[in-house]
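Below are the chains, spelled out letter by letter.
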Amino acid sequence: DRTEVEVAVMSEEEIREYASLKEPMDKAGAYAIQGKCAIYIKEIHGEYNNVVGLPVARLMQELFARKLV
């Protein structure tokens, strides 16, 4: 699956402020769409669960389709 997230233009000060938080430090994309970065999210195209974590519903569909579960 593919999900595109459009982030609003951020000032250099906003970028530095967000980067100074602990929140982005353990994220693959260096932001948490469900956290403090949410105020900068303009649009999301695709499955929200792909961005937040593992798309469990999609995973289970694939596993059942392949008779792995």
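Quick caveat, the model's predicted, so the values are computed rather than measured.

Asker: Let's hear about the overall build of the protein: which residues, and what values?
Answerer: The helix and strand tally for the protein stands at three helices and two strands. Here the protein has a C-alpha radius of gyration of 15 Å; the compact-globule value for 69 residues is 11 Å, and the former is much larger. Referenced to the eigenvectors of the C-alpha coordinate spread, the extents of the protein come out at roughly 50 × 25 × 15 Å. The 69 residues of the protein split such that 12% are buried. Contacts in the protein between residues at least 24 apart in sequence constitute 51% of all its contacts with a sequence separation of at least 6. About 5500 Å² of surface is accessible on the protein, with carbon and sulfur atoms providing 54% of the total.

Asker: Would you mind going over the nonpolar core in detail, with residue names and values included?
Answerer: Taken as a class, soluble globular proteins show a tendency for nonpolar side chains to be buried jointly. Core analysis: the largest hydrophobic core is formed by five residues, namely Met10, Tyr18, Ala32, Cys37 and Tyr40. Ignoring any residue separated from it by four or fewer positions in sequence, one finds Met10 in contact with Ile15, Tyr18 and Tyr40.

Asker: Summarise unusual backbone geometry; cite the residues concerned and give the values.
Answerer: We note that Ala30 has phi near 65°; this positive angle belongs to a residue other than glycine. Unlike most non-glycine residues, Lys67 shows phi in positive territory, near 55°.

Asker: Break down a nonpolar patch on the surface for me, citing the residues and quoting the values.
Answerer: Among the surface-exposed residues, Ile44, Tyr48 and Val52 lie close enough to one another that they form a single nonpolar patch of about 230 Å² accessible area. Here Val52 is to be found in helix 2 (residues 48-52). Val52 sits in the partly exposed class, given a relative accessible area of 36%.

Asker: Describe the side chain of Glu23, with residues and values.
Answerer: Looking at the secondary structure, you find Glu23 in the loop between helix 1 (12-19) and strand 2 (41-45). With sequence-adjacent residues up to four places away left out, Glu23 is seen in contact with Tyr18, Ala32, Gly35, Lys36 and Cys37.

Asker: Can you tell me about the pattern of salt bridges, naming the residues and giving the values?
Answerer: Where side chains of opposite charge bring their charged atoms close, a pairing between them can arise. Counted under the stated rule, the structure contains six salt bridges. Note that Glu6 is salt-bridged to Lys42, the shortest N-O span being 3.5 Å. You can see Glu6 sitting in strand 1 (residues 4-7) and its partner Lys42 sitting in strand 2, a full 36 residues away along the chain. For Lys42, a relative accessible area of 53% gives the class exposed.

Conventions and cut-offs
- Residues numbered from 1 in each chain as written.
- Predicted model: local features only at pLDDT ≥ 70, side-chain atom pairs only at ≥ 80, totals over all residues.
- Heavy atoms only, no water.
- Helix = DSSP H or I, 4+ residues; strand = E, 2+ residues; numbered from the N terminus.
- Rg over C-alpha atoms; globule rule 2.2 N^0.38 Å.
- Buried < 20%, exposed > 50% of the residue type's maximum accessible area, 1.4 Å probe, protein only.
- Contact = heavy atoms within 4.5 Å.
- Areas by Shrake-Rupley, 256 points an atom, 1.4 Å probe, with all protein chains shown as cover.
- Core = buried A, V, L, I, M, F, W, Y, C linked by side-chain atoms within 4.5 Å.
- Patch = residues over 30% accessible without salt bridge, like charges linked within 9 Å, V, L, I, M, F, W, Y side chains within 5 Å.
- Salt bridge = Lys/Arg side-chain N within 4 Å of Asp/Glu carboxyl O.

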